[in-house]
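Reading the structure
Now for the letters of each chain:
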Amino acid sequence: MFKNLIVYRITQGWAPDLQAAEEALAKAPFMECGATQEKSIGWVPPRGEAHGALVESIGGQWIARLMTETKAIPASVLARKVKEKAERIEQETGRKPGRKESKELKDEAKLDLLPMAFTKQASMWVWIDPAARLLVLDTASQGRADEVVTLLVEALPGLSVSLINTQTSPQAAMAHWLKEQEPPVGFTVDRECELKSASEEKAVVRYGRHPLDIEEVQAHIDAGKLPTKLAMTWDDRVSFLLTEGGQVRKLQFLDTVFEGQKADAGGFDTDVAIATGELVKLVPDLIDALGGEAETSMAQPGGEAS
């Protein structure tokens, strides 16, 4: 549970109502793609139990799960099908299809092929901390995150959110930590980073499983290369990769998190309690390490900001 984090701040105006949230998500349950449907998206019970609740509250933390199913048709297969249709028209009429007709043939070919296409499913954990006013999405894709935010702000009356915006940009902070060898309090810098030049060449230097407290790294920064990714550990409990956009990736809970846990302890409630118990402390510490929050506009239904 939780391999990536994209974190949003929820506006003060939203009044959390668990039952209302459950009823809202129940209006958009996940259903598998129909025969000629390319994509389906909807909510599934996070516990994995049929007909279970769509929003679970564990220790005051709300957990939901969004499921997406897509059908993919290889471009070569679609092109071959379109070519066959075009050749058939040419044989029957003696003319080649024009641009508009070719587009129609492509749409027609896609409808023919979709019932035979393989489906692919992917799910995303959605965590709402009503007390801290945080929305956290388990994805590394900003595009997918935007899609989920749109669904949520349209479904939950009064909800508006914005990406966490910090006083110091993650890139500037990472550059400082590497150059001065001064990680923020409570954090350590690990052995992975990526540095990218802002010049036209876009030169990239990557270090993996390599000490970063070396003059070579500092020289790259002096030469104008800036960090786009940096591996860090928080409180000897959680390791992760911080990106220039403030996203957290490759999240991993370390052994110290599980000390005192029974060997057979587990299950949904335990997993949620452990994960959110660590992250409710990590997220604010990381925000503080980046200079604290800056004011920003809130996302409204329809993608507008206020």
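Refer to the structure printed above.
Let us look at the structure shown here. (Residues numbered from 1 in each chain as written. Predicted model: local features only at pLDDT ≥ 70, side-chain atom pairs only at ≥ 80, totals over all residues. Heavy atoms only, no water.)

**Observations concerning the packing of helix α2 (residues 75-93) against helix α3 (residues 99-113)**
Their axes nearest at 9 Å, the elements α2 and α3 cross at an angle of 125 degrees. The pairing of α2 with α3 is recorded here as oblique in orientation. Seen along the crossing, α2 lies across α3 with a hand that is right-handed. Each of Val77, Leu78, Lys81, Val82, Lys85, Ala86 and Ile89 in α2 lies in contact with α3, whose residues at this interface are Glu101, Leu105, Lys106, Glu108, Ala109, Lys110, Asp112 and Leu113. Within the contact of α2 with α3, the residues separate by chemical class into 8 nonpolar, no polar and 7 charged. (Axes fitted to C-alpha atoms, helices over the stretch in contact; angles between N-to-C directions. Helix = DSSP H or I, 4+ residues; strand = E, 2+ residues; numbered from the N terminus. Parallel < 35°, antiparallel > 145°, perpendicular 65-115°, else oblique. Left-handed = near helix turned anticlockwise from the far one by under 90°. Contact = heavy atoms within 4.5 Å. Nonpolar A, V, L, I, M, F, W, Y, C, P; charged D, E, K, R; others polar.)

**Considerations on the pattern of salt bridges**
Scanning all chains against the criterion turns up 13 salt bridges. When the shortest N-O distance is used, the salt bridge between Glu147 and Lys39 registers 2.8 Å. Here the residue Glu147 occupies a position in helix α4 (residues 142-155), and Lys39 occupies one in strand β2 (residues 39-44), the gap between them amounting to 108 residues. Judged by relative accessible area, which is 27%, Glu147 ranks as partly exposed. Linking Asp269 and Arg47 is a salt bridge whose minimum nitrogen-to-oxygen distance equals 2.5 Å. Of this pair, Asp269 sits in helix α7 (residues 268-289) while Arg47 sits in the loop between β2 and β3 (56-58), and the two are 222 residues apart along the sequence. Under the relative-accessibility criterion, Arg47 is labelled partly exposed at 30%. Salt bridges here are not isolated pairs; linked through shared partners, they connect Arg47, Glu56 and Asp269. (Salt bridge = Lys/Arg side-chain N within 4 Å of Asp/Glu carboxyl O. Buried < 20%, exposed > 50% of the residue type's maximum accessible area, 1.4 Å probe, protein only.)

**Here's the deal with a negative patch on the surface**
Together, Asp235, Asp236, Asp285 and Asp288 line one region of the surface with negative charge. By the secondary structure assignment, Asp288 is in helix α7. For Asp288, a relative accessible area of 55% gives the class exposed. (Patch = residues over 30% accessible without salt bridge, like charges linked within 9 Å, V, L, I, M, F, W, Y side chains within 5 Å. Areas by Shrake-Rupley, 256 points an atom, 1.4 Å probe, with all protein chains shown as cover. Lys, Arg positive; Asp, Glu negative; His and termini not counted. Charge placed at Lys NZ, Arg CZ, Asp CG, Glu CD.)

Nothing here speaks to function; it is all geometry.
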